[in-house]
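Examination of the molecular architecture
Below are the chains, spelled out letter by letter.
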2 protein chains.
Amino acid sequence: MKNTIYPFGTLQYIPIFYVIWSDDLLSVSETNVVINALNQDELLPEEDKIVLKEWLDRKNPPSDSELKKWKQLISSSKVKLIESETYPLTSFSKKLVVAYGYESILNENIKQIEINLGIQPNHYNHLFDVEIVHKKTSNYYNSLEIDTILKADHSKEIDSFRKFLSDPIFQWDIQRDKEKFREKVLSQVKILANKGYGAMAYPKEYGGTGNMPVYASIFENLIYVDASLTVKFGVQFGLFGGSVQKLGTKQHHDTYLSDTGKAKLLGCFAMTETGHGSNVRGVKTTATYDKKTDTITIHTPGKNDNKEYIGNALHSTMASVFAQLIVNGKNEGVHAILVPIRNEKHQLMKGVSIEDNGYKLGLNGVDNGKIWFNQVKVPRENLLNKYGSITKDGNYYSDIKNPSKRFFTMLGTLVGGRICVAKGAISGAKLSLAIAVKHALQRRQFNDNIKIQEDLLMDYPSHQLRLTPEIASSYVYHVTMDHMMKLYSDETITDKRKIETQAAGLKAIITDFANDTIQECREACGGKGYLIENRIADLKGDVDIFTTFEGDNTVLLQLAAKGILADFKTEFNSAGFSSVLRLVGAQISDKLATINPLYINKVDKDHLYNPKFHKHAFNYRTRRLTYTLAMRIRDYIKKGVPSYQAFLKVQTHLLALGKAYSIELAYETFTNFTDNISDEKNRLLFQKLGTLYALHEIRKDTGWYLEQGYIGGTKSKAIRQRVERLCTELRPHIEVLVDGFGIPEHCITAPIAN
Amino acid sequence: MKNTIYPFGTLQYIPIFYVIWSDDLLSVSETNVVINALNQDELLPEEDKIVLKEWLDRKNPPSDSELKKWKQLISSSKVKLIESETYPLTSFSKKLVVAYGYESILNENIKQIEINLGIQPNHYNHLFDVEIVHKKTSNYYNSLEIDTILKADHSKEIDSFRKFLSDPIFQWDIQRDKEKFREKVLSQVKILANKGYGAMAYPKEYGGTGNMPVYASIFENLIYVDASLTVKFGVQFGLFGGSVQKLGTKQHHDTYLSDTGKAKLLGCFAMTETGHGSNVRGVKTTATYDKKTDTITIHTPGKNDNKEYIGNALHSTMASVFAQLIVNGKNEGVHAILVPIRNEKHQLMKGVSIEDNGYKLGLNGVDNGKIWFNQVKVPRENLLNKYGSITKDGNYYSDIKNPSKRFFTMLGTLVGGRICVAKGAISGAKLSLAIAVKHALQRRQFNDNIKIQEDLLMDYPSHQLRLTPEIASSYVYHVTMDHMMKLYSDETITDKRKIETQAAGLKAIITDFANDTIQECREACGGKGYLIENRIADLKGDVDIFTTFEGDNTVLLQLAAKGILADFKTEFNSAGFSSVLRLVGAQISDKLATINPLYINKVDKDHLYNPKFHKHAFNYRTRRLTYTLAMRIRDYIKKGVPSYQAFLKVQTHLLALGKAYSIELAYETFTNFTDNISDEKNRLLFQKLGTLYALHEIRKDTGWYLEQGYIGGTKSKAIRQRVERLCTELRPHIEVLVDGFGIPEHCITAPIAN
């Protein structure tokens, strides 16, 4: 191909002149930069110099037809701009002249212009028609395939729901006024209800599909719209509706469930009190049965005994109130009673007082309030009586004679909410990660002073290390909580106590993980992450409280640990000799592991990447913490310390056990899942994510492992290096990995992610 | 003393009846509880039973005069209610009858009432005239004395300023609308200016006192009012005014400084650009000098080159603009130029465009905006020319010939802001801790099912462990940053490079610490911590960005590490043989320490509490990280890896060194300070806080220490136990410790803290 328009001397300057004029980049002083370069170009013929200098006259700039010629010339050359080169424009120029049949020469003067003007590809890449080669990420993997693996059995329902979310009513915007925000969220809830999404988990006869896992998927996807909507949705259909469904009987279902699912009846879940949050068993609200009138009187006795933080409190007409049920002067423990709190005109019922909780750190689209009851009477039938009822002749009756067991059975039915909260938290982490990664694939900062182009944030090792393990963890936790929801919904499993223990621990570590991740993403996006428009700020405020509601994390971890201890005790006591043997055997194998120097400092890749190693490490930690905890408690009790005090003394040990157990469980669940991925390519990817999760978690607790002598210093260092290596290996796939979360594109409204 | 009103049988029931009726605690069913108890009281004479039962008739309650008699009886008895007893009311009753001359008998039936009604001291303690003995905290130490120690040389100024903050204009309230919020903050800034607080750091001739440390104390105390005010104050007087003061010369001072201090001239500090935050040297805004007109043209070349997040952008009439100064076609590097951006009518100047940054996660009382300049001309004199000027004949001149050195000298003058940011962050942590501690000293949750009273949150070991080390750290960092500010303001120290390195690292670890602490406090307060009214939520959103502004923490830690490496290199290269010897010697002593098994597992209290151990541990870490880092970089460079790439490869190592160095520095500074506290009682307390800080920090990095073999597993466990022990030992003094921060009582507006 021969260029018939410009001589060689002029031709080589065309690309840089094109950039300069097309974007009007040139200020007065910058003209000087170009003129200096031209003057110093000794090989440039004088006639070319004259032409080029004329093109630098700001008062008489090159004509539009001239510019068009340049554009045409560049585009017909088929030369590609390579963004990642050190001097992309100089290099382009060099290739351009070759394309037009000249010899390849690097013109130092063009390079000087490029350096001194400091123009970077992101300033001008939009000007070029030619394809720009810049490999920010690999497309070896396919995000749709990954998403399909994550959606598992519910692809159809989830896809249809995500599509539905493109309805303009779900468009995210900045809401500062709580009243307006609440109205918006309420209208969104009603639309979801109309489409049948609210009733999803209820039986068919009440407008639902009986499908709790799909309900949970809807819950988690709603985070991408707005977390206030998620929580409001959860309160109305999951907590209030769930209490009617799970604690009530047929008469309650017939009367309330359909209307609840359609959001015709708005309800709230009045459990927490100002004075009693975590300690539900100690709530002070009383529900006293009066035989004469056959009614139950709901009453708030003291100044701290009002219901508190009750979501939906300002919109609801009914409350599911948890109170001490007193029948014939005897306290039968905590029960839930349906109490109308407003009439059809939305006026408060007699004896009911409600106050707005006001502005919160987040979730200001949810109307949280305080509720007081002053001797409010409701019919006996309003007792949600699946587990405890008052007979027609005015006596209390329950199939479960042990009050403690009865209480925990009632609460146990509400564990689904805890699983949903963890799932929602994961969505918060996913959305933040997607935004932070997409930003880091565009944002450049610093360079080595040789390259024109600055480096992408995503190419900094510290940036990879702060985001990649969190992406891996999101995958692990997603799969884990899907599995938990499956078990929870499985009606063939009648004894759900184990699932409760597990859900408690997992909810705690996952909501903590989500908050840490969102914070990391906020900082990773710098000042941009601080702007509300970029979504991470809101997620931070919203997801924060997930560590507290549906069970405070500190309390839940202790609950989980106590569950593990109880299992341990049962194993020890009931199974007798063989169990003790097994226990002793386990102790020995622990010791073996700790004294085998080969194992302690085994640092080859095969070993460090082997799930057997990870599982052993996690299992060893759980067992060891359980055993030492049990021994410590036994010793205290032997010394005459009361059991309650003994447990207080080992509180931090309990927390450590709760975490260790939950991490082991998550990893086990994830590896079981990945082993069953049929397609090898994706299986290997998922397994790599699992490996990163495992090594990262071991690394986080390396102090403990070293303390125990389970690993040596060399191995600890090797693990740290492997974590860094894995992050780098996953770098080309990082965009696909966040796209694999399946967040609907229309929900990623953050300007920095686009 | 004999009671002449009631017989023994009735008398013993008086306290519980008094509580029941005075607070109207009795519901119908609860009446039954009391009647049952009376019926079962076999020792109670029939006539007493009749009287007592009459007093339970809700339709005919005891008369007011009866109630007065009860009150009088209780109050004259001088019996004290002991909240911490298992059954406080039963016990009170027992002591009451003794006071009136009867025999001491524990009445099981009264105990039954107390148990079944579940009334707790916090329900009724306000009813008693008698003093209530409840030792929540000790008053062995005096918070005023502690505060005086912290205020050091500036007690008078700080006290007077804190008192001034009681002016109603500084009353905190919830602000949701940014426009109103900004107006409020602006008016607060003007009042501070009128009182001379803004100009504090300026020379006397411009309305100041030349006292930068006092300015910094004002800055940090303003956090207690509102962090938006702090930041706005800092932008106006510290950043804008500071740039005039430190980068300008007499003509600028004379023209602008007095008006700036009085807030008559509002200004902003336009450094950061959308495309260039941390990399200030790469800003794209140009300032081109034109000899003909003797003016400088300010211009924003590309779409990402606008100034971004500029505080005070919407209120200002002038900007201190950082731009590439081009004189005679040569780029002389980044300089600051004063650019009028609005006229007296507050209309934008020609060529200036400003956009609001909109809502942010926090600091919504600060008007952050974006600024574009389109060929804006200003006189040559507007160049802040202390370090680089344009002569009358139109040439560039600077005393500092090296452009790099010149750039860092200019930026170095602004390090004061970085110190202030760290100080403000500490205040945020302090306020959160004060609120969380005061809440935890009132809030009760759970008990051992024997006691009536639930346990205080503050008595849970996990709660002590989550708050106490943070309190200790606040003390350490307060003292450290006060010292840094002293050094920074010391004009006898001309070479401030070391202080810059130190301030960079400390700013990073302290702002991270503050954010973690505020988050911990939020969670420690449960749902209450989530309500805006309780202040922690706002602090969380506000202080968050302190990790990013005035230098991103990740970048600052690397800056600090590079400073340390430079020192290391100088030491190694310049000092020659003796230095190398010293280095080798240090290496040997490191090795000695690591192989001496006695040291590795020395766990006695005297050793673990000895500052020598802590200093050695911190110093060992810094030295070891420096040495291995230097070796790694040298190896890369030997292999031909370019220096920039080599530094990228060791980025996480750099971060670790930056942190290690800063922690060592903080501890050193703190121990030097505590050693000089004259009063022994308080010195011991401060030393204990230092010990807790040190052990907690070693514990946090125990993985590294174990990995290096610096400590053994036994010692690591012992350190963990000592941290827990120290928290428990400080438990009785925890309220005094947060009061010692000296936060004005009128600023602690959180309802949960009162």
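Each value, and the rule that gives it
- Throughout this description, residue numbers start from 1 for each chain and increase along the sequence as written.
- Ligands are numbered from 1 and chains lettered from A, in the order in which they are written.
- For this predicted model, a pLDDT threshold of at least 70 governs which residues receive local features, and a threshold of 80 or more governs which side-chain atom pairs are given and counted, while totals over whole chains, interfaces and linings are taken from all residues.
- As a rule here, side-chain values come from all non-hydrogen atoms in the structure, and water together with hydrogens is ignored.
- When a residue's accessible area, from a 1.4 Å probe over protein chains only, is under 20% of the maximum for its type it is buried; when over 50% it is exposed; and in between it is partly exposed.
- Each helix is a run of DSSP H or I of at least 4 residues and each strand a run of E of at least 2, with the numbering of both proceeding from the N terminus.
- The contact definition used throughout considers only heavy atoms, calling two residues in contact when any of these lie within 4.5 Å.
- Residues below a pLDDT of 70 in either copy are left out; the C-alpha atoms of the rest, at least 70 in both, set the least-squares superposition of the copies.
- A quick way to say it: buried area is the sum, across both parts, of accessible area lost when two parts are put together, with a 1.4 Å probe.
- Within this document, salt bridges are pairs made up of a side-chain nitrogen of Lys or Arg and a carboxyl oxygen of Asp or Glu, the two lying within 4 Å of each other.
- Throughout this description, a polar contact denotes any pair of N or O atoms lying within 3.5 Å of each other; where both atoms belong to protein, one of them has to be capable of donating a hydrogen while the other can accept it, and for residues adjacent in sequence the pair is counted only when both atoms sit in side chains.
- Under the convention adopted here, Pro, Cys and the residues Ala, Val, Leu, Ile, Met, Phe, Trp and Tyr are nonpolar, Asp, Glu, Lys and Arg are charged, and Gly plus all remaining residues are polar.
- Here the axes come from fitting lines to C-alpha atoms, over the contacting stretch only for helices, and the angles between their N-to-C directions go from 0 to 180 degrees.
- By convention, the crossing between two helices is left-handed when the near helix turns anticlockwise from the far helix through less than a right angle, and right-handed when the turn is clockwise.
- Reported domain spans reflect what an automatic or database domain assignment gives.
- Note on aromatic pairs: the rings of Phe, Tyr and Trp (six-membered ring only in Trp) are paired at centre separations within 6.5 Å, and the planes decide the class, stacked below 30 degrees, edge-to-face beyond 60, tilted for the rest.
- A pair of strands is labelled paired if DSSP reports no fewer than 2 bridges between them.

A separate point is helix α20 (residues 536–543) of chain B. For α20 of chain B, the buried fraction is high: seven of the eight residues fall into the buried class. For α20 of chain B, every residue scored as buried is listed here: I536, A537, L539, K540, G541, D542 and V543 of chain B. Its buried side turned inward, α20 of chain B meets α19 (526–530) and α20 (536–544) of chain A together with α13 (227–247), α16 (415–440), α18 (497–524) and α19 (526–530) of chain B.

This part is about the relation of the copies chain B and chain A. Superposition of chain B onto chain A requires a rotation of 180 degrees combined with a translation of 0.1 Å along the rotation axis, giving an RMSD of 0.1 Å. As the rotation angle and translation indicate, the two copies are arranged about a two-fold axis. If distances are taken from each C-alpha of chain B to the rotation axis, the shortest is found for G703 of chain B, at 1.9 Å. Looking at the interface residues of chain B, 100% of them are also at the interface in chain A, so both copies use one shared face.

Attention now moves to the interface of chain B and chain A. Many authors give the size of an interface as the accessible area that is lost as the parts come together. Listed by partner, the interface residues are 90 residues for chain B and 90 residues for chain A. Both faces combined, the contact of chain B with chain A buries some 7700 Å², and carbon together with sulfur accounts for 50% of it. The largest share of the area that chain B buries against chain A comes from R176, Y530 and E707 of chain B, three residues that together contribute 11% of it. Where chain B touches chain A, the interface holds 10 salt bridges. Residues E707 of chain B and R720 of chain A are paired through a salt bridge, measuring 3.3 Å at the closest nitrogen-oxygen approach. For the interface between chain B and chain A, the tally reads 40 residue pairs in polar contact (both at pLDDT 80 or more). Counted by class, the side of chain B that touches chain A contains 23 nonpolar, 39 polar and 28 charged residues.

Turning to the packing of helix α9 (residues 143–151) of chain B against helix α10 (residues 155–164) of chain B, a few remarks are in order. All names here are of chain B. Look at α9 against α10: their axes get within 9 Å of each other, and the N-to-C directions meet at 115 degrees. Seen from above, α9 lies across α10 with right-handed handedness. Contacts between α9 and α10 pair D147, T148 and K151 from the former with S155, I158, D159 and R162 from the latter. Split by residue class, the contact of α9 with α10 holds one nonpolar, two polar and four charged.

Further remarks concern the domain arrangement of chain A. According to the domain assignment, chain A contains domain 1 (8–133), domain 2 (267–409) and domain 3 (417–753). Taking only C-alpha atoms into account, the centre of domain 1 of chain A sits 76 Å from that of domain 2 of chain A.

Residue and element names in this part refer to chain A. Within the structure shown, the criterion is met by 68 salt bridges over all chains. As a salt-bridge pair, D367 and K232 come within 2.5 Å of each other at their nearest N and O atoms. Taken together, the residues span a long stretch of sequence, with D367 in the loop between β9 (352–356) and β10 (369–373) and K232 in helix α13 (residues 227–247) at a distance of 135 residues. Owing to a relative accessible area of 0%, D367 belongs among the buried residues under this scheme. As a salt-bridge pair, K438 and D739 come within 2.8 Å of each other at their nearest N and O atoms. Of this pair, K438 sits in helix α16 (residues 415–440) while D739 sits in helix α31 (residues 734–739), and the two are 301 residues apart along the sequence. When salt bridges with common partners are traced through the structure, they connect D147, K151, D159 and R162 into a single cluster.

For the structure shown, the criterion picks out 58 aromatic pairs over all chains. When the centroid spacing of 6.4 Å and the interplanar angle of 70 degrees are considered together, the rings of Y599 of chain A and F613 of chain A count as edge-to-face. Within this pair, whereas Y599 of chain A is found in helix α23 (residues 597–600), its partner F613 of chain A is found in helix α25 (residues 611–638), the two being separated by 14 residues in sequence. The burial state of Y599 of chain A is the same as that of F613 of chain A; both residues are buried. Ring geometry for F161 of chain B against Y197 of chain B: centres 4.6 Å apart, planes inclined by 70 degrees, an arrangement best described as edge-to-face. One end of the pair, F161 of chain B, is in helix α10; the other, Y197 of chain B, is in the loop between α11 (178–194) and α12 (212–222), with 36 residues separating them in the sequence. Grouping residues by exposure puts F161 of chain B and Y197 of chain B together as buried.

With that out of the way, let us pick up the environment of T255 of chain A. Residues and elements named next belong to chain A. As for its placement among the helices and strands, T255 is situated in helix α14 (residues 250–261). T255 sits in the partly exposed class, given a relative accessible area of 46%. Spatially, the C-alpha atoms of T255 and L52 are 86 Å apart, while their sequence positions differ by 203 residues. Separated by 2.5 Å, the side chain of T255 and the backbone oxygen of Q251 make a polar contact.

This part covers the sheet that holds β10 of chain A. Within a sheet, neighbouring strands are paired by backbone hydrogen bonds and run either parallel or antiparallel to one another. All names here are of chain A. One open sheet holds the three strands; their spatial order is β6-β10-β9, and the pairing between them is antiparallel. Each having just a single partner strand, β6 (307–310) and β9 make up the two edges of the open sheet. Within the sheet, the average angular offset between the axes of one strand and its neighbour, ignoring direction, is 25 degrees. Sheet analysis places β6 next to β10, joined by two bridges and oriented antiparallel. Directly across from K307, in β10, lies its bridge partner I371.

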